[in-house]
Every structure is written in C-alpha cells, then in structure tokens.
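Chain by chain, the residues:
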2 protein chains.
Amino acid sequence: MTATPAAPTPLPPLGETARARLRTALASERLFFEPGDCLPYAYDNSRRVAIPQAVALPVGEDEVVALVRACRELRLPLTVRGRGTNTTGATVPIAGGVVVSLERMNRILAISPGDRMIECEAGTTNGDVQRAAAAHGLFWAPDPTSAEYSSVGGNLACGAGGPRAVKYGTARENVLGLTFVTGTGQVVRSGCHTTKGVVGYDLTRLLVGSEGTLGLITRATLKLLPRPAEIRTLRAAYSDVAGAIAAVTRVMGQPAAPCALEFFDGDAVALAQAWRDCGIPPGTGALLLIDVDGDGAGLDADADAISRAASGTGLIELRRAASRAESEDLWAARKALSPSLRKLAPRKINEDVVVPVTRLPELVAGLGALSHEHGLRIVSFGHAGNGNLHVNLLADPADPAQVAAIETCLHAVFRLVLRLDGTLSGEHGVGLDKRDFVDWEIPAPALALMHQLKGVFDPDGILNPGKTLPVSRPR
Amino acid sequence: MTATPAAPTPLPPLGETARARLRTALASERLFFEPGDCLPYAYDNSRRVAIPQAVALPVGEDEVVALVRACRELRLPLTVRGRGTNTTGATVPIAGGVVVSLERMNRILAISPGDRMIECEAGTTNGDVQRAAAAHGLFWAPDPTSAEYSSVGGNLACGAGGPRAVKYGTARENVLGLTFVTGTGQVVRSGCHTTKGVVGYDLTRLLVGSEGTLGLITRATLKLLPRPAEIRTLRAAYSDVAGAIAAVTRVMGQPAAPCALEFFDGDAVALAQAWRDCGIPPGTGALLLIDVDGDGAGLDADADAISRAASGTGLIELRRAASRAESEDLWAARKALSPSLRKLAPRKINEDVVVPVTRLPELVAGLGALSHEHGLRIVSFGHAGNGNLHVNLLADPADPAQVAAIETCLHAVFRLVLRLDGTLSGEHGVGLDKRDFVDWEIPAPALALMHQLKGVFDPDGILNPGKTLPVSRPR
C-alpha cells in the first residue's frame, strides 16, 4: 500500500556461528547467504524490498523442522514463502533473518478422485494442482490471478479467493487438513481426510489466513470439486451503479449461483474500452461480467435464470457470449484492468475491501465523494457477488498534491468501509500494508486473544515477525 | 456412548455466599438452586444425568458476562446450554456448578435478505431462523434432525450438519461471525458481516465445534442461501453395498450436487420395510435416498444427471417420487430408522463416524466382520455423500454377553474408522462420549496446542470442564 516505504536498514551479514548452525539443518547448496543470492527472495508483489540474511530451500518436512529449531536457538526471524505473489508485503522479511522458500517442496503426494481430494506439499503451485485435478474432471476452487505460479501453501496462508469464490468459496472452505510446523519446531497434523469432521478444535482454519505467523504449512489436503463441462459468459451493461448493484442483489437472491459476478464502475468500463474496443454500449455507467458453469440443459436453465435476475431498471444491454472466443474477449478486458491502471498511474493503491452486497451503492457513492474531495481518480471493479471490490486510488507521481493526498484518502476509504459493516480485506490479506489498520476493524478483546494465540504457536516470536497483527501488543 | 455411566456423586448444595454472588449477576427469578428446578437442565440426549448446583437463564449478553465473572471468582464450573439436544453428553454438567441456558436469548436481531445474512441471539432455534429466512426465500444450511427445537448456538458449538451438508456444508461453512464470552468474561466479536474476510486469525471457526469449552456463543451472524423452489426425491435400490457405494462415488464425481445422499445398509432397508411397506424391491442389499433441489428446467436437468450417475452395476430399481407425498413417504422411512432401532434394542450405540467416500465399502465390510466377531447386530445408514455413517451397535439388554461385548466392539469400530483415514465424529461432536478416544485420532502435538488454546480462552478451566479434550493434559 505504502508505495514509498522507507528503505530498510541493511542488516549485517550473519556471523559464522549462525551460518554453521543453519548448515546443520540444511545442505549448504540449498542455503544462501550472499545478498546477491538472497535478493530474489527480498520482495513480493507489494513493491517492498528487504534482503534476508539467509535463504533456505528445504526439500522435506524434516528440514523445515531443523530450520525452525535452528532459528529458534539463534532467535533469528523466519519468513516462510511460497512464490511471493502476495501484494501486501506478507513475505518481505522486514526483520531480516531467514527466508524459507518452499519452492522445492512441490510434490503432489496423493490424489483420490472418488474422494475429491488431493494431498500435496505446500510449495506445489495452484496451477499444478489444477492440472492434476483436471485429469480427473475436478478442480480446486481458489483461483487468484496468480494461480498459475502461486503456491498452495501461500494461497492457504493468505486466504486466497478469486472470482470463483462467489460460488465455490475461498481457501478456507476448500481445505480439509494441514500439516504445519510451529515456532517451536513441532510438526502438527490438523483436520481430516473427509468433508465433515468435528473432533477437536479447528486448527486448520486457524492457520488459513495467518500468513506464516503461526506456523509453516508444509502439506495440505485439499477439497476438490467436479469441474462443470462448460462456462457461459454474460455481460450486462447498466446506465448507473445503482442498477448494476440491484442486479447483483437479485442474482445472489436466487438459487442458480454464478461462478463469477464481476463489477466494473464507469471508469473501469472506460478503461476497458480504451484498452480495446469491446463494443460496450455508450452510456454504460456500470457493467457486470457474469460466468455461469454447468452441464448441458442445466447450464442453459441456470444461464436463463441468471439473465432474468440481471435484467431490470437501468439495464442497457445484456449480451451472451456466442463462443468461447467471445467469452475470452470479454474476460480479457477484466484481466487487463489492473495492469492498465498501473500504466495509467504508476502510483496506484489497489485495495480489496469488502462490504455487505446491499451496501455496495453506498460504497461506490462514498468513493465518488472521496475522489472529488481528495482530487484523486478512483477506479473500482471486482467480485461484486461477495461485495469484494478492488478499489484503485490513482495518483499522478508528477503532482505532489496528489501524492500527498493518497494516504489520507486511503484512510478515509477504510473508515467508509468499516462504517458500512465491511472488512478491510477479502482475499489479499494484511501483511504489512494493512497491519496498522487491523485495530480499526478488530476490537481490542479479539485482538488480545489473537496475540495470545500467536504466543502459543510461536512463543519466541520468530515466525514472520511484524506481520498480520498490529505490533503494539494490546493489554 | 457409555450407556450405563456411573451415577455421579451428588454435589452439595451451593453455600449462601456463592448464591448471593450469583444473585448479583442475575435476578433471582431466573436463577434456580433447588434440585427439582435444576433437573430439567441435568441431561441431554445422551441419557447421562448430572444435576447442576444452579441454573441461570440470562436474557442478555451483560448478564452472561456477569455470570462468567461470578463463576470465575467462585471457581465454579459453568456449562452453557442451548436446548440440550446433543447426543454426546456435551451439556451434562458432570462437574456441577452452573448451567447457563440461553433459551431466553432467542431474538432475531437483524435479517438482510439482499446480503443473505441473519443475525440472532444464540438461543434462537434453528427452526425460527429457518422460518424468518423462508419469508425471504432463503434458508440456513445446517439441518440436524433436531432443527425444529435445537438452538443456533448449540448447532454452532457442536458443528451441526445434517443431510443437506453434502451440498451446502455444515455449521462451519455457514457462519460469518460470532459474539462470544470467554472464560475471563471478555466479550469478543469475531468474523465479519460479509462472505469473504481475511483480517486477523479465524476465531469464528475456532469456536465452532468447541462445545462451550472456549467461550459462550451469545450471538451469531449466519450466512443464508437462496431456497430452491422444488425438491425431487430419487430412490435407488442396489443388490449390494459395493454397487450402492460405487454409485455414491459417481454421483459425487459430477457437478450436479444432490442436496441429500443417504445410504441404508441391508439391515436398515429391512427395518424400513418392517416399519412400513415402502415397496423396496426384494433382494435389495443397500439403498440410496437422494434429494435434488432446484428450479424448473435446471432441476430436471440435475435430476437426470444424478439419475444417470446413480445407474450402474448392481442397480435393481431407480424410482423417482412422483409427488411431494411420495417423497415424504420415502423420507419417513429414513427418519423412523433411529427410533425404530432404539425400540428394537434399547441398549443401542449410535455413532457418527466418517471415512473418505471410497473407503465406505471397507467400512461396511469391516462392520460386518465385527458384527460377526462380537455377536452384535450392527445397522448402518447416513450421509454417504460425506462418507458420514451412523453406525448403530445393538445389544439385547437381556443377554449379558452382548452387553459386555458392546464396548469392545465399539473400540474396534473406532480403530477401523481411523485405519481407513476417517474421523470419529462428523456432526455429533465429542462431548463426554468420545472424549477419551480423541487422542486415538489427534496426534499429541495437535492435542497439546488445543490444551494451550483452552488455557488462553479459559485460564481457570471453568468452561464446561471435562468435555471435548482428553482430561489428562499431554505434555
């Protein structure tokens, strides 16, 4: 979020004693100490950078345990990392220490199509899981934009979602069990191999979204779902935001669930049109892009039901993609939005706030007012079926007034979201970017419990320190 | 589970000091001390009995907090109770102290159909939630047999499921946020009002299934779903268990999800037929009862897809209920199974074990072998789509050999389930009945963490002591 973080104070290289201790945990060819070797593990997609003092590439759980034990003895921070695709700084090792990258723990351990279950090491990419599942007509629900190269462990640790979450849920709803290593080096197996199970406390969901601060997820048992044979894409253009959001409410209020329900505000529509002529009718003030999946006659019936629900006041055009190619065209505009925006304004803040669906009109109106007040362009689009909007604050880096306004405006956006009963993150997580705003949302007693839980899982505070929870411990 | 528990040592009445302290928390007309008044709160559906030393009926969160603080000062156990419909002894106050019944905290606080969300006090019955939701064409997914009179708080605290879980998930997947009171009397708000949210650790899911040992849930924000217009019932009779289970795997392997997929073994079929002639064809060795919900053409298409998937080796008859009345007839046999069994064998143990769906044939075969080995009749039926079977061990109370065998046989059933990668409870929970078997399933490191979490939420161990976790604290 903060686009110009203070450059981190460079940390001194690790001493020979520490290096020697780490070498007892891991073969030296998979342990890096040179800043040049460590640099690729210094950043994520947040544009923050902090070079770790060491990087470790374990190939098995026993090595992860040995690394945690070594770091604990050395009181050395340990930041676990999947592929570093997160946008919040969650994997940037601001406190130095060791980055443990699980990229070489990428084996699929078991797949049982009849049980709709796959078990894999945490470093397996989401894409590899999807390919293994697809061979049996199955898929794993989380579909972040980074799916092709982000890891299952990272998806779980950050609580990844994606457009499909509106029908199939996020990481939280699509994991059965985990293996993780706590800050004391204990290997913990949680959850089960079945879709139901209520024995013991739910450690699995506690780890989901904890961003490597409670444990290093090393292995996951994932719930797979049958892959529908076809997807149909609908595009509904409305004269204004109110019409589009009323349509979202109607679509979500009937049983045929869309598998994506994406919203574009007027500015996002204009950007999409500017990127490539998509034939969006003039006068479009807001647009919905809707995917419906299913098989044969059931799919037709669902698409009809959703089309009916999308129709109403303010609808200008409802278009059903005639072919796969046309559907991909419609989506290309959606996927190009984020890079288009960055090109337009390199000083861009992309938030993923959520409000209850019925509050979306107030959110969009409030954003309009804030844009006006702060003299900043704000473009919003995203997963409207979940009330999860990606709100983009754009500043011209050449205009110091805009650059100065962006942080103030962002705070006002957060206050607006919370006033509307919303949450500050739907799927990107907290990391560093939202850490200092967490106590705007979470009341002190809940936050105090979270700090105590952190103390249970990681008594020495070595796991990804400074992330996820506000730093000053509430009393 | 243990059908003849040792009678609890009667506890002495509370002294006047303790009574006076409790009266500072609650008006005396909602505070009972006389054993006769306390008796209705002494048992649940597990057939265990332990008369509490006091019963409190708070009407608001402030009173719950005052009660917890009083109990903490007095070091008095506190067992929270919804309607006491659970089957595991989870609400039987074995350690004495105060039963806090939330039956008078039963207000629906808000319903927002456009957000598919309802907020209610924990003592609201599932049935009242369903009625309020139905007025807007919505429903709440958990549908335990006790739905009409069990409470939302109890459903959440026990992780309730029901037949519909196969399509819509259990309590865990259908709660957005909670308010709960910890063992120190802190009021904690967790979760959010939206279907996505990854800020902070997931305290909400940690409370789900914790059976009142981590906190007293006082309020819940529930996720509602659009209610399909119609339900169709299919009944598929197979010559043997293998054929029926293969069909379960096929049905679960295609995208049209049934909203119930219930299995009857051969004995259960015979019982259903004996209860009332349901026209099940002779030679039926296993049966599936399948509900499909939806609207119009989509429903027809789904029912067709599921019928095709249910067809295959071993199928004797596939019958589609022609009317609502016929569908209710088919289900009446399913719902009568449990009482029929109890009538047949008052000494009945009903388990709700789960195994991965593909292991069901091994489970059913293993149960057959155990039945033979221990000279006990075992009847199984239940939610096959989740691999969640209700395994009923029947003993003739007049036969001491059978009575003696039942406990040994049960242990063997548990070992079998765990060997098949299963879990000891899918939806009934642990309570007292399975408490001493939890460490058969959950490895020591996970259990140690759970004990530590208990210590965080309830440092003095006053909340529902002796439940959910094995009593001897692992080191």
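First, a word on scope: everything that follows refers to the structure included in this document.

Rules used in this analysis
Residues numbered from 1 in each chain as written. Chains lettered and ligands numbered in written order. Predicted model: local features only at pLDDT ≥ 70, side-chain atom pairs only at ≥ 80, totals over all residues. Heavy atoms only, no water. Contact = heavy atoms within 4.5 Å. Buried area = accessible area lost by both parts, 1.4 Å probe. Salt bridge = Lys/Arg side-chain N within 4 Å of Asp/Glu carboxyl O. Polar contact = N/O pair within 3.5 Å; in protein donor to acceptor, adjacent residues only side chain to side chain. Helix = DSSP H or I, 4+ residues; strand = E, 2+ residues; numbered from the N terminus. Nonpolar A, V, L, I, M, F, W, Y, C, P; charged D, E, K, R; others polar. 1 Å grid on protein atoms, 1.4 Å probe; cavity = no way out; pocket = protein on both sides within 12 Å on 5 of 7 lines; lining within 4 Å. Points joined across faces, edges and corners; volume = space filled by probe spheres on them. Expected span 1.5 Å × (residues − 1). Least-squares fit on C-alpha atoms with pLDDT ≥ 70 in both. Pairing = 2+ DSSP bridges. Axes fitted to C-alpha atoms, helices over the stretch in contact; angles between N-to-C directions.

## So, the interface of chain B and chain A
The interface of chain B with chain A comprises 78 residues on the first partner and 78 residues on the second. Taking both sides of the interface into account, the surface hidden between chain B and chain A amounts to around 6300 Å²; carbon and sulfur atoms contribute 66%. Scanning the region where chain B abuts chain A turns up 4 salt bridges. A salt bridge links Asp-202 of chain B to Arg-172 of chain A, with the nearest nitrogen and oxygen atoms 3.1 Å apart. Between chain B and chain A we count 20 residue pairs in polar contact (both at pLDDT 80 or more) in total. Among the elements of the structure, strand S8 (175–182), strand S9 (187–191), helix H7 (203–207), helix H8 (241–252), helix H10 (296–310), helix H14 (438–441) and helix H15 (444–457) of chain B are those that each provide at least two residues to the side of chain B that touches chain A. No other element matches H15 of chain B, which puts 9 residues into the side of chain B that touches chain A. For the side of chain B that touches chain A, a count of residues per class yields 35 nonpolar, 29 polar and 14 charged.

## Describing empty space enclosed by the protein
If you walk through the whole model with that rule in mind, you get 3 cavities of 30 Å³ or more. Approximately 50 Å³ is the volume attributed to the largest cavity. For the largest cavity, the full set of lining residues is Arg-235, Phe-264, Ala-272, Cys-278, Ile-280, Leu-287, Leu-289, Asp-329, Leu-330 and Ala-333 of chain A. Residues that form the lining of the largest cavity fall into these classes: 8 nonpolar, no polar and 2 charged. Together, Arg-235, Phe-264, Ala-272, Cys-278, Ile-280, Leu-287, Leu-289, Leu-330 and Ala-333 of chain B line the second largest cavity. For the lining of the second largest cavity, the secondary structure elements donating two or more residues are strand S14 (286–294) and helix H11 (324–344) of chain B. Tallied by class, the residues present in the lining of the second largest cavity amount to 8 nonpolar, no polar and 1 charged.

## Some words on helix H10 (residues 296–310) of chain A
Residues three or four positions apart in an α-helix share a direction because the helix packs 3.6 residues into each turn. Its 15 residues give H10 of chain A an end-to-end C-alpha distance of 21 Å, which sits within 8% of 21 Å, the value for a rise of 1.5 Å per residue. Next to the buried residues of H10 of chain A lie strand S12 (230–238), helix H8 (241–252), strand S14 (286–294) and strand S15 (315–320) of chain A together with H10 of chain B.

## A look at the relation of the copies chain B and chain A
The transformation that overlays chain B on chain A combines an axial shift of 0.0 Å with a rotation of 180 degrees, and the residual RMSD is 0.0 Å. Both copies are brought into coincidence by an operation consistent with a two-fold rotation axis. Identified as the residue of chain B closest to the rotation axis by C-alpha distance is Gly-298 of chain B, at 2.2 Å. Most of the interface of chain B is mirrored in chain A, where 100% of its interface residues are also at the interface.

## Description of the sheet that holds strand S10 (residues 215–223) of chain B
All names here are of chain B. Read across the sheet, 5 strands follow the order S5-S6-S10-S8-S9 without closing on themselves; strand pairing throughout is antiparallel. Each end of this open sheet is capped by a strand with a single partner; those strands are strand S5 (108–112) and S9. When the angles between neighbouring strand axes are averaged without regard to direction, this sheet yields 15 degrees. With 7 bridges joining them, S8 and S10 adopt antiparallel strand pairing. By the bridge assignment, Thr-179 is partnered in S10 with Arg-219. Contacts from helix H4 (residues 126–134) reach S5, strand S6 (117–121) and S10 within the one sheet, and its direction differs from that of S5 by about 35 degrees.

## With respect to the side chain of Asn-388 of chain A
Inspection of the secondary structure puts Asn-388 of chain A in strand S18 (residues 388–395). Here Lys-196 of chain B takes part through its side chain, which lies 2.8 Å from a polar atom of the side chain of Asn-388 of chain A. Contact partners of Asn-388 of chain A, with chain neighbours within four places excluded, come to Asp-352, Val-353, Val-354, Gly-382, His-383, Gly-426 and Glu-427 of chain A together with Lys-196 of chain B.

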